Every structure is written in structure tokens, then in C-alpha cells.
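Listed below, chain by chain, are the residues.
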Amino acid sequence: MMAGGEIGSALGYGSALWLAVFLGNLLLAAYASALAVVAFRSGLSTVLMARFCFGKEGSRLADLLLGLTQVGWYAWGTDTVARILIQTFGWSEKWDPLLVIVCGFGFCLTAAIGYKGLEVLSAVMVPLMTGMIIWSGYLALSAVSSAPGGQGEMSVAQAVTVVVGTFVSGATQSTNWTRYARSTTAAIGVTFLAFFVGNGLMVSYGALSGAAYANSDIVAVLLLQGFFWSGVFMLLANIWTTQDNTIYNFSLAGCHFFRTTKRRQVTLVGAAVGTVLALFGFAELLVPFLLTLGTAIPPLGGVILADFFVCRRGEYPELEKPDAFVGSGFLAYGIGVAAAWFLPGVPPVTGIVVGFLVQAVLGRG
């Protein structure tokens, strides 16, 4: 929502805005769906898939990339909640560190419980939150005719990259769930529903509100619309349902990196690191963070997809067979990131395509 608000206030209400939202979420859904197929067929999570294209020890690159991005998201969410609560209720800034610490460790409790904790929280919060944003979006739509134009701070390509960045790390790790799907169709269907429709709805709402009120702060928009307590609820529900999945993903990447099964302890360590980052004001770095994610993460998925579909022809060998390090995977990933960063076009698309093609060529040797 916040990212949608950023691009809405930058591009203004018009075809460029909705083109960026549509293309960004379509790319995100297609990318996640392709990984879902690999997850279902192999029964492996992303960090385990990475063992085959980067090596048993080299796969720690994926752990670092995905784990650190999840901690970054956790820091942003924790810092954002603390700041908005202080602004909304008019509390003193001196309470910010305490709020950050309480939120930082409070949000991780459902993730520490495991799947059941995630399921119960989402089952309660998500339907309520969805109804809220539909009503708020309707009010924003009625106000958009008098909205000011965009500030012109982004190109469409940058806006697409920001949209992809909203969930590209989560999309890359959505294999943590889709590996348990009942069929390939189910894996693709639920992934497309989550990333194109679900994430699309959140980004679209933020974009519409940002364009209508020239404000990327969604809670501020809700307050402008007269939703005080429901606005506070929206903030806590939205962030909490994201935070617990975020730190759960970190715990799986962290367990693989350290080769440990102590997931709850790793969850608490990740929450602690994210909380420390939040104390230093990570909320100010949202757009640069998203642009970095949209550039650095997609090539990783491109390399994994090429390794499975082209190099392995749709079937992994035994999990303990990979070499310690596989140079082709590192080279393909590095070239993919460089291409996404320096070549013209839409960086996530460039990164996926180049990473895929280089791995398809080098990995077959």
C-alpha cells in the first residue's frame, strides 16, 4: 500500500499509473508461479533449490540475499508502525524506541508458533482488512477527479520496479508454501491469485489513494477520510500479517544458512536484528530499498528456473549430490544483476531474462 502510494503520488492518476501497477503485478505473479511449479515438482524450498545452481555451500548466497531482505522488510514495518502510532495519537517522540522494541518482538510471536500462528492471524485479519480498503478505495475514487497531477518523480519503468520490489523477495520464497500444493494447477492458481489479485489490490489501493490525495501515507489518507480507529486497525492488521510471514521466511533462510533446526531461536534473532535497524529509522528508505530488491532478487529466480527447466530438464538429482560451489550459477546471477542495473528497460524483467539465459548456456556444461 505504501509503495502504491509512492507511485500514485509520483505519477498521478492516469494510464501511466495503472500500466505500472498492472505490469508490475503481472510480472510478479508470473515469476512466482514459475517458481511454484518448480517447488511443487521438486518438493523443495527456494534455498534448497539454490543448492543445485550455486552449490551446497554456495547456496548460502541465496540465504543471505533472501534473509537480509526479509530483515529489511521487518525493520521497515516495525519502524513504520511506531512512527505512525506516535503521529496519530500525538505521543512524544521519546516513546519511539520503546514502541519499536515492543512491536519488533511482538510481531514475531505468531511466526515463532509456526504455520498455525500464521494461519489463524491471517484468517481473522485479511477479510476485515480487505473490506476496509474496498470502502476506502471507493471514497478515494470519488475524490480523484479533483486530485492534483503527479509530481513526476518516477518513470514507468521505475514504478514497475517498485511494484515488483514490494513482494519479489516474498515471491522468491513463496515456494515455502507452494511446495505443499496438491497439483501443479493448484500451485499456479493460488500463487497467481495471491500475487496478481491480492498484491495487486493492495498496490492499486495505495496508488489510487496516493494519486487522489497526493499523499503516500495510507494511514494519513484513512484519517483524512474520517477513519480513525479503523485506520489504526488497518495499520496493525496489515503490518502484522506481513511481518509474521516476513520473519518466518527469514527463519527458514537462516536455518539453512547455519544448518540448524532451531527455527524459533533464529526467528527471534531475525526479529532482534530487524528491531535494531528500525531504531535507526529504516522507514525512510522504502523506495531505495524496493528499487534495490527489484533489481537484485529477480536474477536469482531466473537462474533457479533455468537450472531446473533447462539444465536439469525438470528433475533434480538427490539433494546431497550438489558440489560445494557451482561457478556458473554465481556468474549467471552476477551478469543478471549487472544487466538489470545498467541496461535500459524494466530492471526486474531484464534481470530474470539475462540470468535465465546465461545459466541456460553455462549451466548445461
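Preceding this section is the structure that the text describes.
This one's a predicted model, so the numbers in the text were calculated from it and none came from an experiment.

Trainee: Report on unusual backbone geometry, specifying residues and quantitative values.
Mentor: At Ala214, a position not held by glycine, the phi torsion is positive, near 50 degrees. Relative to the elements of secondary structure, Ala214 occurs in the loop between helix H10 (184-213) and helix H11 (218-224). Here Arg313, not a glycine, exhibits a phi torsion of approximately 55 degrees, which is positive. Positionally, Arg313 belongs in the loop between helix H15 (298-311) and helix H16 (327-342). In this structure Arg313 comes out as exposed when scored by relative accessible area, which is 69%.

Trainee: Residue-level account of empty space enclosed by the protein, with values.
Mentor: Summed over the entire model, instances satisfying the criterion amount to one cavity of 30 Å³ or more. What the largest cavity holds in volume is close to 40 Å³. In terms of lining residues, the largest cavity is bounded by Trp73, Trp76, Ile239, Thr242, Gln243 and Thr246. Going through the elements one at a time, helix H4 (60-89) and helix H12 (229-258) are the ones with two or more residues in the lining of the largest cavity. Per-element tally for the lining of the largest cavity: the top contributor is H12, with four residues.

Trainee: Go over the side chain of Ser136, please, and point to the residues and values.
Mentor: Looking at where Ser136 falls in the secondary structure, it is placed in helix H7 (residues 115-143). For Ser136, a relative accessible area of 0% translates into the label buried. There is a polar contact of 2.5 Å between the side chain of Ser136 and the side chain of Gln225. Setting aside its immediate chain neighbours within four residues, Ser136 contacts Tyr205, Leu222, Gln225 and Phe227.

Trainee: I'd like a description of the environment of Met129, backed by residues and values.
Mentor: Among the secondary structure elements, Met129 is positioned in helix H7. Under the relative-accessibility criterion, Met129 is labelled buried at 3%. With residues up to four places along the chain from it excluded, the contact list for Met129 reads Met202, Met234, Ala237, Asn238 and Thr241.

Trainee: Which residues make up H15, and what are the values?
Mentor: Compared with an ideal rise of 1.5 Å per residue, which puts 14 residues at 20 Å, H15 spans 19 Å between its outermost C-alpha atoms and is within 8% of the ideal. The element H15 is largely enclosed, with a buried count of 12 among its 14 residues. At the C-terminal side of H15, Arg313 shows a positive phi close to 55 degrees.

Trainee: Outline the layout of surface pockets, listing residues and values.
Mentor: The computed volume of the largest pocket comes to approximately 1400 Å³. Lining of the largest pocket is provided by 45 residues; of these, Phe167, Ala194, Thr241, Thr242 and Asn245 occupy positions nearest its centre. For the lining of the largest pocket, the elements supplying multiple residues, two or more each, are helix H1 (2-11), H4, H7, helix H8 (156-172), helix H9 (175-178), H10, H11 and H12. The element that contributes the greatest number of residues to the lining of the largest pocket is H10, accounting for 12 residues. For the lining of the largest pocket, the class distribution of residues is 26 nonpolar, 18 polar and one charged. A volume near 310 Å³ is recorded for the second largest pocket. Looking at the lining of the second largest pocket, its residues break down into six nonpolar, three polar and four charged.

Trainee: Can you explain the pattern of salt bridges? Please cite residues and give values.
Mentor: The tally for this structure, following the rule as stated, stands at four salt bridges. Residue Arg83 is joined to Glu284 by a salt bridge in which the shortest nitrogen-to-oxygen separation is 2.3 Å. Separated by 201 residues along the polypeptide, Arg83 in helix H4 and Glu284 in the loop between helix H13 (263-279) and helix H14 (286-296) bring together distant segments of the chain. Each of Asp79, Arg83 and Glu284 takes part in one network of salt bridges that share partners.

Rules used in this analysis
- Residues numbered from 1 in each chain as written.
- Predicted model: local features only at pLDDT ≥ 70, side-chain atom pairs only at ≥ 80, totals over all residues.
- Heavy atoms only, no water.
- Helix = DSSP H or I, 4+ residues; strand = E, 2+ residues; numbered from the N terminus.
- Buried < 20%, exposed > 50% of the residue type's maximum accessible area, 1.4 Å probe, protein only.
- 1 Å grid on protein atoms, 1.4 Å probe; cavity = no way out; pocket = protein on both sides within 12 Å on 5 of 7 lines; lining within 4 Å.
- Points joined across faces, edges and corners; volume = space filled by probe spheres on them.
- Polar contact = N/O pair within 3.5 Å; in protein donor to acceptor, adjacent residues only side chain to side chain.
- Contact = heavy atoms within 4.5 Å.
- Expected span 1.5 Å × (residues − 1).
- Nonpolar A, V, L, I, M, F, W, Y, C, P; charged D, E, K, R; others polar.
- Salt bridge = Lys/Arg side-chain N within 4 Å of Asp/Glu carboxyl O.

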